[in-house]
Amino acid sequence: MIEVTVNGQTQQIEGPMSVAALLEIVEIPGPYLAVELNEDVVPREQHAEQQVAEGDSIEVVTLVGGG
Amino acid sequence: MSTAIPSNDSATDPPLVVGKHTLASRLIVGTGRYDNMPQMAESLEASGADCVTVAVRRERLYDRNGQNILDFIDPDRYTLLPNTAGCYNATDAIRAARLGREILRNLGNAGADWVKLEVLGDSKTLLPDPVETLKACEELVKEGFSVLCYTSDDPIMARRLKQVGAASVMPAGSPIGSGQGLLNPNNLRIILEYLKLDDPDYPVIVDAGVGTASDVAEAFELGADGVLLNTAIAHARDPIRMSRAMRAAASAGRDAFLAGRIPKRLYAQASSPTEGVISSRPYQ
């Protein structure tokens with residue numbers, strides 16, 4: 001197991017895995033979101049190859065109502 | 001009921017152009033603080049807006065209620081304008097802008113190339129931090145964003161933001177959500193004069209502080225190219241009706257500006273003929 005931070009919360013995951021695989025674990029609907037790995041946006045086309053490793057910080061964001 | 005208000009004549013009033021975007025409506029409305037999503041969707045419709053703002057927030061990973069705002073806003077109909085609301089420094093605002101761009105790019109929405117930049121100074125006034133705002137604006141312009149930049153009504157700051165390449169400067173009428181209307185119309189006049197001096201088409205959009213329809217009309221009468229508002233509709237007793245009022249006010253205010261108001265005079269000037277009066281006392 002490795003430890004990563006997802007949206008500010010510490011999470012245990014099985015091991016290094018792709019961003020795409022991580023998103024499956026947290027069950028987020030795909031098209032409405034954007035992902036940042038260690039403060040850099042990971043474009044959707046790179047979700048499959050971009051790896052998440054021990055200590056990484058991931059932000060998963062969507063759009064909400066705002067002015 | 002929402003279609004009775006005529007739009008301004010496009011032959012004599014070209015549409016609002018901001019960056020690469022041409023907007024049919026000069027009213028930009030926010031999507032926050034509604035009681036529920038269907039009410040928001042109906043209000044957007046009634047406002048006549050074709051550009052709506054949205055915020056970038058962490059996805060609620062483990063307590064989702066299954067609803068997403070994008071299920072209630074047709075991305076083919078509305079250009080989404082992502083904001084950086086809630087950011088208190090340039091670094092966070094730039095991150096939010098990039099994330100908003102990524103979501104809109106995934107959705108295929110035209111709004112992927114622009115951002116409503118908002119870098120706040122404190123949570124009590126929600127006034128912008130001018131130093132961080134300028135820094136973020138400069139960086140986002142370098143990264144290719146069309147930056148619609150929220151700022152105070154300070155003319156010097158407005159000029160600096162235009163100088164670093166903001167696609168539109170958006171001075172506040174009064175603090176966000178305060179509903180106080182245009183507190184300093186003179187500053188807005190100066191901003192309009194400065195920013196349009198050699199560039200009459202440069203878009204200046206009044207953003208924040210609107211309380212009711214007359215505030216919108218006033219902004220347009222001053223010469224603003226657009227008005228951006230949210231809470232005045234979302235927290236009205238009847239948001240859909242207020243949306244209609246805002247739409248009518250935008251149209252009326254813009255027409256009044258284009259028509260040109262008469263100068264204010266201290267004394268009266270008769271509108272009926274002064275000759276041929278059946279009176280023992282002449283006008284003069």
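Think of each chain on its own: its residues are numbered from 1, step by step along the sequence as written. For this description, chains carry letters from A and ligands carry numbers from 1, given in the order in which they are written. With pLDDT at 70 or above as the cut-off, local features in this predicted model cover only qualifying residues; side-chain atom pairs require 80 or more to be listed or tallied, and sums for whole chains, interfaces and linings still use all residues. Side-chain numbers here rest on the full set of heavy atoms in the structure, without hydrogens or water.

Student: Describe the overall build of chain A, naming the residues involved and giving the relevant values.
Tutor: In this description a helix means any DSSP run of H or I spanning at least four residues, a strand means any run of E spanning at least two, and both kinds are numbered starting from the N terminus. Per the secondary structure count, chain A includes one helix and seven strands. Counted from the first residue to the last, chain A has its helices and strands arranged as β-β-β-α-β-β-β-β. A radius of gyration in this sense is built from C-alpha atoms; the matching globule rule multiplies 2.2 Å by the number of residues raised to 0.38. Taken against the 2.2 N^0.38 rule, which gives 11 Å for 67 residues, the C-alpha radius of gyration of chain A at 12 Å falls within 12% of a compact globule. The principal-axis extents of the C-alpha atoms in chain A amount to approximately 40 × 25 × 20 Å. Per-residue burial over chain A gives 46% buried out of 67 residues. Contacts between residues were defined by any pair of non-hydrogen atoms, one from each residue, lying within 4.5 Å. Once local pairs closer than 6 in sequence are excluded, the contacts in chain A between residues at least 24 apart make up 56%. The accessible surface values rely on the Shrake-Rupley method and a 1.4 Å probe; as for residues, cover is taken only from the protein chains in view. Of the roughly 3200 Å² of accessible surface on chain A, a fraction of 45% belongs to carbon and sulfur atoms. Throughout, exposure labels follow a simple rule: accessible area from a 1.4 Å probe, protein chains only, divided by the maximum for the residue type, with under 20% read as buried, over 50% as exposed, and the rest as partly exposed.

Student: Tell me about the layout of surface pockets, and name the residues and values.
Tutor: For each structure, a 1 Å grid was placed over the protein atoms alone; sets of points admitting a 1.4 Å probe that cannot get out are labelled cavities, open sets with protein on both sides within 12 Å along at least five of seven lines are labelled pockets, and lining residues have an atom within 4 Å of a point. Grid points are joined across faces, edges and corners, and a volume is the space filled by probe spheres set on the points. Considering only enclosed or pocket space, the largest pocket measures out at about 520 Å³ in volume. For the largest pocket, the lining is made up of 33 residues, of which G67 of chain A together with R33, I176, N230 and T231 of chain B are closest to its centre. Put simply, the parts of the chain that give the lining of the largest pocket at least two residues each are β7 (57–65) of chain A together with β4 (51–58), β10 (226–229) and α7 (231–234) of chain B. Side-chain classes follow a simple rule in which Ala, Val, Leu, Ile, Met, Phe, Trp, Tyr, Cys and Pro form the nonpolar group, Asp, Glu, Lys and Arg form the charged group, and the remainder, Gly included, forms the polar group. Grouping the amino acids of the lining of the largest pocket by side-chain chemistry returns 14 nonpolar, 14 polar and five charged.

Student: Outline unusual backbone geometry, listing residues and values.
Tutor: Look at N38 of chain A: it is not a glycine, yet its phi comes out positive at around 50°. Structurally, the position occupied by N38 of chain A is in the loop between β4 (34–37) and β5 (40–42). Owing to a relative accessible area of 38%, N38 of chain A belongs among the partly exposed residues under this scheme. The backbone phi angle of R33 of chain B is positive, close to 70°, even though this residue is not glycine. Within the secondary structure, R33 of chain B is located in the loop between β3 (27–30) and α1 (37–47).

Student: Give a detailed account of the packing of α1 of chain B against helix α8 (residues 239–259) of chain B, specifying residues and quantitative values.
Tutor: Residues and elements named next belong to chain B. The geometry of α1 relative to α8 is characterised by a closest axis approach of 8 Å and an angle of 20° between their N-to-C directions. Here α8 runs roughly parallel to α1, going by the angle between their axes. Judged by the twist between their axes, the crossing of α1 over α8 is right-handed. Facing Q39, E42, S43, E45, A46 and S47 of α1, the residues of α8 in contact are P239, I240, S243, R244 and R247. Angular values range over 0 to 180 degrees, each being the angle between N-to-C directions of two axes fitted as lines to C-alpha atoms, with helices fitted over their stretch in contact. Our angle categories are set so that under 35 degrees counts as roughly parallel, over 145 as roughly antiparallel, 65 to 115 as roughly perpendicular, and the remainder as oblique. By the definition used in this description, the sense in which the near helix is turned from the far one sets the handedness, with an anticlockwise turn below a right angle giving left-handed and a clockwise turn giving right-handed.

Student: Describe the confidence of the model for chain B, with residues and values.
Tutor: Looking at any residue, its pLDDT shows the predictor's confidence there, from 0 to 100. On average, chain B scores 93 in pLDDT, and the residues at 70 or more come to 93%. The complex prediction reports pTM at 0.92, with the ipTM value standing at 0.92.

Student: Can you explain the environment of L266 of chain B? Please cite residues and give values.
Tutor: By the secondary structure assignment, L266 of chain B is in the segment after α8. Spatially, the C-alpha atom of L266 of chain B lies 29 Å from that of S174 of chain B, the residues being 92 residues apart in sequence.

Student: Give me the confidence of the model for chain A: which residues, what numbers.
Tutor: Overall, the prediction assigns chain A a mean pLDDT of 92, with 96% of residues at 70 or greater. Taken element by element, chain A is modelled with least confidence in helix α1 (residues 19–25) of chain A, mean pLDDT 90, and with most confidence in β5 of chain A, mean pLDDT 97.

Student: Talk me through the pattern of salt bridges; I want residue IDs and the actual numbers.
Tutor: Should a side-chain nitrogen of Lys or Arg be within 4 Å of a carboxyl oxygen of Asp or Glu, the pair is scored as a salt bridge. In total, this model carries 15 salt bridges over all chains according to the counting rule given. The salt bridge partner of E59 of chain A is R58 of chain B, with a shortest N-O separation of 2.7 Å. You can see E59 of chain A sitting in strand β7 and its partner R58 of chain B sitting in strand β4, one on each of two chains. Since its relative accessible area comes to 44%, R58 of chain B is described here as partly exposed. Where R77 of chain B meets E45 of chain B, a salt bridge forms, and the shortest distance between an N and an O atom there is 2.7 Å. Here the residue R77 of chain B occupies a position in the loop between β4 and β5 (79–83), and E45 of chain B occupies one in helix α1, the gap between them amounting to 32 residues. Its relative accessible area of 42% is what places R77 of chain B among the partly exposed residues. Taken together, the shared-partner salt bridges connect E36 and E39 of chain A together with D92 and R95 of chain B into one network.

Student: I'd like a rundown of the UniProt feature "binding site: 1-deoxy-D-xylulose 5-phosphate" (unreviewed entry) in chain B, residues and numbers included.
Tutor: Following the UniProt record, the feature "binding site: 1-deoxy-D-xylulose 5-phosphate" (unreviewed entry) maps to G177, A208, G209, N230 and T231 of chain B here. These annotated residues cover 55 residues of sequence, but their C-alpha atoms sit close together, with the largest distance between any two at 9.2 Å. Considering only the annotated residues already named, the ones lining the largest pocket are G177, A208, G209, N230 and T231 of chain B. On the secondary structure map, G177 of chain B appears in the loop between β8 (168–171) and α5 (185–196). Taking relative accessible area as the criterion, G177 of chain B reaches 43% and is therefore assigned partly exposed. Mapped onto the elements of the fold, N230 of chain B is located in the loop between β10 and α7. Setting aside residues up to four positions removed in sequence, N230 of chain B forms contacts with G66 and G67 of chain A together with G30, T31, G32 and Y34 of chain B. Pairs of N or O atoms within 3.5 Å make up the polar contacts considered here, provided that, within protein, one atom can donate a hydrogen while the other can accept it, and that residues adjacent in sequence are counted only when both atoms are side-chain atoms. Among the polar contacts listed, one links the side chain of N230 of chain B to the backbone oxygen of G32 of chain B, at a separation of 2.8 Å. UniProt positions are given in the numbering used here, feature names are shortened, and annotations may be inferred rather than shown by experiment.

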